[in-house]
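Per-entry structural report
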Amino acid sequence: MTAMAPSRDEPDLSFLLDHTSHVLRTRMAAALAEIGLTARMHCVLVHALQEERTQIQLAELGDMDKTTMVVTLDALEQAGLAERRPSSTDRRARIVAVTEKGAQVAKRSQEIVDRVHRDALASLPEEEAEVLVRALNRLVTGHLATAVEAPQPVRRARQRG
């Protein structure tokens, strides 16, 4: 005898969010690659331009582990976009300083990021786009504001099932 799959009572929110997030990330990666950046590089440049931040602070903002942060900073330094400097307030800490070239690239990359987001939202009727953004902001600041510990984090977008 073949078992029957359970019926679904609710929309598959996990699939919907995972799939759209995955596709948006691939589009973002392709668009930023045109100027030689990754999304992580963009994130570091933009946040380092906002205020003096340490490598650790930038890694936390970009949700990167230490190894990924070091690789990202190495690439930014190699491209002449940023450099590590001693902090003016804590001689044990290193801050990330964006070069003049890096600031110009960050401006361009922000325009690219904004365009990718704008294009995604423009695919919806205006009122639906506004509702979507409002609802996602509510989830991010409310019920889904804090992640819980999971036995194994899932990194790959799953297939609809």
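Here, every reference points to the structure presented above.
Residues numbered from 1 in each chain as written. Predicted model: local features only at pLDDT ≥ 70, side-chain atom pairs only at ≥ 80, totals over all residues. Heavy atoms only, no water.

1. Section: the overall build of the chain
Condition: Only DSSP runs of H or I reaching four residues or more are called helices, and only runs of E reaching two or more are called strands; each is numbered from the N terminus. Any two residues whose heavy atoms approach within 4.5 Å are treated as being in contact. Values of accessible area rely on a 1.4 Å probe in the Shrake-Rupley scheme; residue burial ignores everything except the protein chains shown. A positive count includes Lys and Arg, and a negative count includes Asp and Glu. His and the chain ends are not counted in either. The atom standing in for a charge is NZ when the residue is Lys, CZ when it is Arg, CG when it is Asp and CD when it is Glu.
Looking only at helices and strands, the chain features 6 helices and 2 strands. The N-to-C order of helical and strand elements in the chain reads α-α-α-α-β-β-α-α. At a minimum sequence separation of 6, the contacts of the chain that also span at least 24 residues come to 55%. Taken as a whole, the chain presents about 12200 Å² of accessible surface, with 54% of it coming from carbon and sulfur. Positive and negative side-chain charges in the chain, numbering 22 and 23 respectively, have mean positions lying 4 Å apart.

2. Overview of the pattern of salt bridges
Using the following cut-off: The rule for a salt bridge is simple: a side-chain nitrogen of Lys or Arg has to be within 4 Å of a carboxyl oxygen of Asp or Glu. A 1.4 Å probe rolled over the protein chains alone gives each residue an accessible area, and that area as a share of the maximum for its type sets the label: buried under 20%, exposed over 50%, partly exposed in between.
By the definition in use, this model includes 8 salt bridges. Put simply, E51 and R53 hold a salt bridge, and the shortest N to O gap is 3.6 Å. Judged by its relative accessible area of 13%, R53 falls in the buried class. Counted as one network, the salt bridges with shared partners bring together D74, E77 and R84.

3. Description of the side chain of Q55
To keep things clear, this is the line we draw: Any pair of N or O atoms that falls within 3.5 Å is considered a polar contact. Within protein, one atom must be able to donate a hydrogen and the other to accept it, and sequence-neighbouring residues count only if both atoms are side-chain atoms.
Its place among the elements puts Q55 in helix α3 (residues 55–61). You can call Q55 buried: its relative accessible area is 18%. Of note is the side chain of Q55, whose polar atom sits 3.3 Å from the side chain of R84.

4. Let's talk about the nonpolar core
To keep it simple, the criterion reads: Only buried residues count toward a nonpolar core, which is a set of Ala, Val, Leu, Ile, Met, Phe, Trp, Tyr and Cys residues joined through side-chain atoms within 4.5 Å.
Within the largest apolar cluster, 23 residues are counted, with the highest numbers of intra-cluster contacts made by L37, V44, L45, M69, L76 and V96. Looking at this core, the elements with two or more residues in it are α1 (13–33), α2 (39–50), α3, α4 (66–78), β2 (94–98) and α5 (100–122). For this core, the element with the most residues is α5, which contributes 5 residues. Residues in contact with V44, not counting those within four places in the same chain, are L58, M64, M69, T72, L73, L76 and V96.

5. Here's the deal with a negative patch on the surface
Put simply, the rule is: Patch definition: residues above 30% relative accessible area lacking any salt bridge, with like charges linked at up to 9 Å and the nonpolar side chains Val, Leu, Ile, Met, Phe, Trp and Tyr linked at up to 5 Å.
Together, E126, E127, E128 and E130 give the surface a local cluster of negative charge. Counting through the fold element by element, E126 comes out in helix α6 (residues 126–141). We classify E126 as exposed; its relative accessible area is 59%.

6. Regarding the side chain of H42
Summarising the element assignment, H42 is placed in helix α2. Judged by relative accessible area, H42 falls into the buried class, the value being 10%. Sequence-distant contacts of H42, defined by excluding residues within four places in its chain, comprise L32, L37, S109, Q110 and V113.

7. What about the packing of α1 against α5?
For any two helices packed against each other, the geometry comes down to the angle between their axes and how far apart the axes lie. Quick note on the threshold: Interaxial angles span 0 to 180 degrees and are taken between N-to-C directions of axes, which are lines fitted to C-alpha atoms, for helices over the stretch in contact. For a crossing to be left-handed, the near helix must be turned anticlockwise from the far one by less than a right angle; the clockwise case is right-handed. Lys, Arg, Asp and Glu make up the charged group, whereas Ala, Val, Leu, Ile, Met, Phe, Trp, Tyr, Cys and Pro make up the nonpolar group; the residues left over, Gly among them, are polar.
Two numbers describe how α1 lies on α5: the axes approach to 10 Å, and their chain directions differ by 145°. Regarding α1 and α5, the two cross each other, and that crossing is right-handed. Here α1 contributes L24, R27, M28, A31 and L32 to the contact with α5, which in turn contributes S109, I112, V113, R115, V116, H117 and A120. Here the contact of α1 with α5 is built from residues that sort into 8 nonpolar, 2 polar and 2 charged.

8. With respect to the packing of α2 against α5
The N-to-C vectors of α2 and α5 enclose an angle of 115°; their axes lie 9 Å apart at closest approach. Judged by the sense of rotation from one axis to the other, the crossing of α2 with α5 is left-handed. Residue-level inspection shows H42, L45, V46 and L49 of α2 in contact with α5, the latter providing G102, A103, V105, A106, S109, Q110 and V113. Broken down by class, the residue content of the contact of α2 with α5 amounts to 7 nonpolar, 4 polar and no charged.

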